[in-house]
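Structural overview
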Amino acid sequence: MTTTRRILRLLLAPICAFAIPRSLAFHVGPCSLSSSSSTRTNTLFSSSRGHPQQPALFALINNDDDSSPDCSSSTSPHDPDVALQNLGWQPFFSDQVSKTDTRAAHKHKNKKNLVPSRVLQQDKRGFHVAGANGGLENTTRIPMTAGVLSQDVTVGDWLLLNETQFSKSIVLERKSLMKRKAPGKSKSKIQFIAANLDTVFVVTSLDRDFKVARLERYIALSLEAGVQPVVVLTKADLLVDENDDENEEEEPTTLASLRRHISPDKFWKAASAISDSVPVVLLTDARDEDQVKVELEQWCQPGETVAFLGSSGVGKSTLVNALCGTTVATTKEVRPEDGRGRHTTTRRQLHFLPNHCAVLDTPGMRELQLLDAAMGLREVFADIVELSTQCRFRDCRHETEPGCAVQEAIDDGVLREKRFLRWEKLTTEDAINTAMFDEGKSKAASKRSVRTNLLISRSEPQG
């Protein structure tokens, strides 16, 4: 048998080297070689930097199981590799698996229970995950119970899920993490929004919800997390065309009607002025599937994960439905008395497009306070940061100091004072929240240390 295998290696080596490019082997997914757990584990954890360490034919030769290969599952969602790729598995995560699996082997006697899985949904009762053992057709519910998971997890996370003991699961390093200061009065709590995103669509409607200051918060949050933000303007169809002769006699009498008389282009220019690195998309109607798909297509690519963030009622769930081509998220009309959105979406959930792009729908955010977002703010207000380097004094407060380049730019009309005041407000808020969080974290750690020492002293024998 050994001689036969050597002959096969010599005959098939040129085929494996030239006929099956490594990149193709990764994107298509190697064949399912055997039902044995050892072969399945080798197939799952073989990717490195986007390419399998061994082509499928080499794996067949080296396999001690004499069973014949079954290639029918190569394009089936039941194939572990295909299931993972359909969920957004990327080289960033596969690069970690071999190291993590080795580390896990020392911690757990039975590492076969560790299954690469992704968190698809989070609500008040727990998490829903799916992974290599069946993809979307086989989800697992993890209850929101203290101690179930040893680490904080959020939607979009990738785990090595221990199916027999959830608390022994391992959270893989995140490609990105969106977070904010937890709503309320707590000083030492943060809230994870989502992990492993590639693009964030910051959605705002062209009504009372549109505020440049709010957009700057979302953009800073995204850039701090290393995620590409894209501003999406919705409900442009509700605005009155300034050039429409039929509306010349209509007299705007309320704040809402005044806003309806503003051209959509003015909203677009205001959003575009926030940052040169942030694209702005103007949608006439979020319910128009064709327009939504055309405008957002370049960011919704296979294997990518995108998210919609914004206030309630701006059209996030409507956009998700338009991309999916069917109703997957519940929507409601805004309140007619004040035009405010209704809090319809109550959980964060990933939906998957036909091309396997993951789309995250999120509840509307009433409060968004920045925390540990200094780098994101520097990117949003890069023009002010650059001006501050030209001030005469390094510790210039940009108030009445002589030689202040920032104040000179405001006086010359180069920098708008409102933008400077927003920068000042956000940077102060971020600094205060970050300092309070660090202080609260330190106090919490100190309390835990005191409790631990107390328990140790009580357990020691007396006398």
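Everything that follows concerns the structure shown earlier in this document.
So, how was this worked out
Residues numbered from 1 in each chain as written. Predicted model: local features only at pLDDT ≥ 70, side-chain atom pairs only at ≥ 80, totals over all residues. Heavy atoms only, no water. Helix = DSSP H or I, 4+ residues; strand = E, 2+ residues; numbered from the N terminus. Buried < 20%, exposed > 50% of the residue type's maximum accessible area, 1.4 Å probe, protein only. Phe/Tyr/Trp six-rings, centres within 6.5 Å; stacked < 30°, edge-to-face > 60°. Contact = heavy atoms within 4.5 Å. Salt bridge = Lys/Arg side-chain N within 4 Å of Asp/Glu carboxyl O. Polar contact = N/O pair within 3.5 Å; in protein donor to acceptor, adjacent residues only side chain to side chain.

The next point concerns unusual backbone geometry. At K235, a position not held by glycine, the phi torsion is positive, near 65 degrees. Mapped onto the elements, K235 comes out in the loop between strand 11 (228-234) and helix 8 (255-260). The exposure class of K235 is buried, given its relative accessible area of 19%. Positive phi outside glycine occurs at H356, with the angle close to 75 degrees.

On to the packing of aromatic side chains. For the structure shown, the criterion picks out eight aromatic pairs. On the numbers, 6.1 Å between centres and 35 degrees between planes, the contact of W89 with F93 is tilted. Using a relative accessible area of 7% as the deciding quantity, one classes W89 as buried. An angle of 80 degrees between the planes, with centres 6.0 Å apart, marks the rings of F201 and W299 as edge-to-face. Within this pair, whereas F201 is found in strand 10 (residues 199-205), its partner W299 is found in the loop between helix 10 (289-296) and strand 13 (305-310), the two being separated by 98 residues in sequence. In terms of burial, F201 and W299 fall into one category: buried. Among the aromatic residues, ring-to-ring pairing joins W89, F92, F93 and W158 into one connected group.

All right, on to helix 11 (residues 316-324) then. With respect to burial, helix 11 is a largely interior element, eight of its nine residues being buried. Looking at helix 11, one finds that the buried residues are K316, S317, L319, V320, N321, A322, L323 and C324. Where helix 11 is buried, its residues meet strand 10, strand 11, helix 10, strand 13, strand 14 (348-352) and strand 15 (358-361). At the C-terminal side of helix 11, G325 shows a positive phi close to 75 degrees.

What follows deals with the environment of K269. On the secondary structure map, K269 appears in helix 9 (residues 264-272). Distance from K269 to V280, taken between C-alpha atoms, is 8.9 Å for residues 11 residues apart in sequence.

This next bit is on the pattern of salt bridges. Per the counting criterion, the structure on display carries 10 salt bridges. A salt bridge links E216 to R419, with the shortest nitrogen-to-oxygen separation between them at 3.5 Å. With a gap of 203 residues between them, E216 in helix 7 (residues 212-224) and R419 in helix 15 (residues 417-459) connect regions that are remote in the sequence. The buried category is assigned to R419, whose relative accessible area is 10%. Note that K293 and E289 form a salt bridge whose closest N and O atoms lie 4.0 Å from each other. Within this pair, K293 and its partner E289 are both found in helix 10, separated by four residues, close to a single helical turn. What makes E289 partly exposed here is its relative accessible area of 33%.

Relative to the helices and strands, D123 is located in strand 3 (residues 114-123). Within the local environment of D123, its side chain forms a polar contact with the side chain of Q121, the two groups lying 3.2 Å apart. Here G126 takes part through its backbone nitrogen, which lies 3.0 Å from a polar atom of the side chain of D123. Apart from residues lying up to four places away in sequence, D123 is in contact with H128, M144 and R347.

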